Amino acid sequence: MYIYDIAGTPRLERILTASDRTILNIAWCPHDPNVIAMAVAEEQHNLLLWDVQSESLTKRMSAIGAPAKFIAWAPSHASELVSASLLGVITRSTTAGVPSAVEVPWQSRAGQTSSELAKRDAPRPGYPALPRLSALRLNALAADRYALGFESGLLVVLTGGVVTMDVPHKDDAMSDA
């Protein structure tokens, strides 16, 4: 990963190397300008924490269930990293001290997806493929509020693990009316 200083004339500041896997997502820590998190295409330990100043990998962590694809730092917890797999399994990981992780379980009111369905390795024959996550956003003002956007157009908002908004794709909503 290349880090550039873009103040004034852009210049290469650092090169961080430790994984030969594809980088899926990166997130600067909002509480420490020298810490960056990275999700890489590995089955195990695919969450990497870096100290940019020392150019060193400081922690390797794993998401619960499927590997993380999307990551974001919790805005109100300095040592909490939130990750989500392509199928919507959300993990809250503590990065201080010994890393620990907990899953944020949830169920779509539309019944289209859930954290339990997403943990399956493959869809069962005769069942439709599960929608794939395309976006994860955290709310800076509400600590446990997450927005999940899926390729199918489904938008799910979770507050404390409870679905507070579940909006299907506009074409699906129109056919239900």
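I will try to describe carefully the structure that is included in this document. Being a predicted model, the structure only gives us computed values, none of them experimental.

## Description of the overall build of the protein chain
Here comes step 1: Counting secondary structure elements, the protein chain contains 2 helices and 14 strands.
Here comes step 2: At a minimum sequence separation of 6, the contacts of the protein chain that also span at least 24 residues come to 36%.
Here comes step 3: Put simply, the protein chain shows about 9700 Å² of open surface, and 54% of that area lies on carbon and sulfur atoms.

## Examining a nonpolar patch on the surface
Here comes step 1: A contiguous nonpolar patch, built from Tyr-2, Tyr-4, Ile-6, Leu-12 and Ile-15 and spanning about 560 Å² of accessible area, is present on the exposed surface.
Here comes step 2: Of all the secondary structure elements, the ones that give two or more residues to the nonpolar patch are strand 1 (2–5) and strand 2 (11–15).
Here comes step 3: By relative accessible area, which is 55% here, Tyr-2 ends up exposed.

## Digging into the sheet that holds strand 8 (residues 80–84)
Across a sheet, strands are paired by hydrogen bonds formed along the backbone, either parallel or antiparallel in direction.
Here comes step 1: Spatially, 7-8-9-10 is the arrangement adopted by the 4 strands of the open sheet, whose pairing is antiparallel. Edge strands, defined here as strands with exactly one partner in the open sheet, are strand 7 (70–73) and strand 10 (100–104). Ignoring strand direction, the axes of neighbouring strands in this sheet form an average angle of 25 degrees.
Here comes step 2: By the bridge criterion, 5 bridges tie strand 9 (residues 90–94) to strand 10 in an arrangement that is antiparallel. The partner of Ser-93 across the bridge, within strand 10, is Ala-101.

## Some points on the nonpolar core
Here comes step 1: Ile-90, Trp-106, Leu-136, Leu-148, Phe-150, Val-156 and Leu-158 are the most contacted members of the largest nonpolar core, which has 17 residues in total.
Here comes step 2: Secondary structure elements with two or more residues in this core: strand 7, strand 8, strand 11 (133–138), strand 12 (145–150) and strand 13 (155–159).
Here comes step 3: Discounting residues that sit within four places of it in the chain, Ile-90 has contacts with Val-82, Ser-83, Ala-84, Val-102, Glu-103, Val-104, Trp-106, Leu-148 and Leu-158.
Here comes step 4: Formed by 13 residues, the second largest nonpolar core is a distinct cluster that contains Ala-39, Leu-49, Ala-63 and Trp-73.

## Details of the sheet that holds strand 3 (residues 23–28)
Here comes step 1: Strand order in the open sheet formed by 4 strands is 3-4-5-6, with antiparallel pairing between adjacent strands. Every interior strand has two partners, whereas the edge strands, strand 3 and strand 6 (56–61), have only one. In this sheet, neighbouring strand axes are inclined to one another by 25 degrees on average, regardless of whether the strands run parallel or antiparallel.
Here comes step 2: As paired elements, strand 5 (residues 47–51) and strand 6 share 5 bridges and run antiparallel to each other. Paired with Trp-50 across the two strands is Leu-57, which belongs to strand 6.

## A word on the side chain of Glu-42
Here comes step 1: Inspection of the secondary structure assignment puts Glu-42 in the loop between strand 4 (35–40) and strand 5.
Here comes step 2: For Glu-42, a relative accessible area of 16% translates into the label buried.
Here comes step 3: Of note is the side chain of Glu-42, whose polar atom sits 2.6 Å from the side chain of Arg-60.

Definitions and limits used
- Residues numbered from 1 in each chain as written.
- Predicted model: local features only at pLDDT ≥ 70, side-chain atom pairs only at ≥ 80, totals over all residues.
- Heavy atoms only, no water.
- Helix = DSSP H or I, 4+ residues; strand = E, 2+ residues; numbered from the N terminus.
- Contact = heavy atoms within 4.5 Å.
- Areas by Shrake-Rupley, 256 points an atom, 1.4 Å probe, with all protein chains shown as cover.
- Patch = residues over 30% accessible without salt bridge, like charges linked within 9 Å, V, L, I, M, F, W, Y side chains within 5 Å.
- Salt bridge = Lys/Arg side-chain N within 4 Å of Asp/Glu carboxyl O.
- Buried < 20%, exposed > 50% of the residue type's maximum accessible area, 1.4 Å probe, protein only.
- Pairing = 2+ DSSP bridges.
- Axes fitted to C-alpha atoms, helices over the stretch in contact; angles between N-to-C directions.
- Core = buried A, V, L, I, M, F, W, Y, C linked by side-chain atoms within 4.5 Å.
- Polar contact = N/O pair within 3.5 Å; in protein donor to acceptor, adjacent residues only side chain to side chain.

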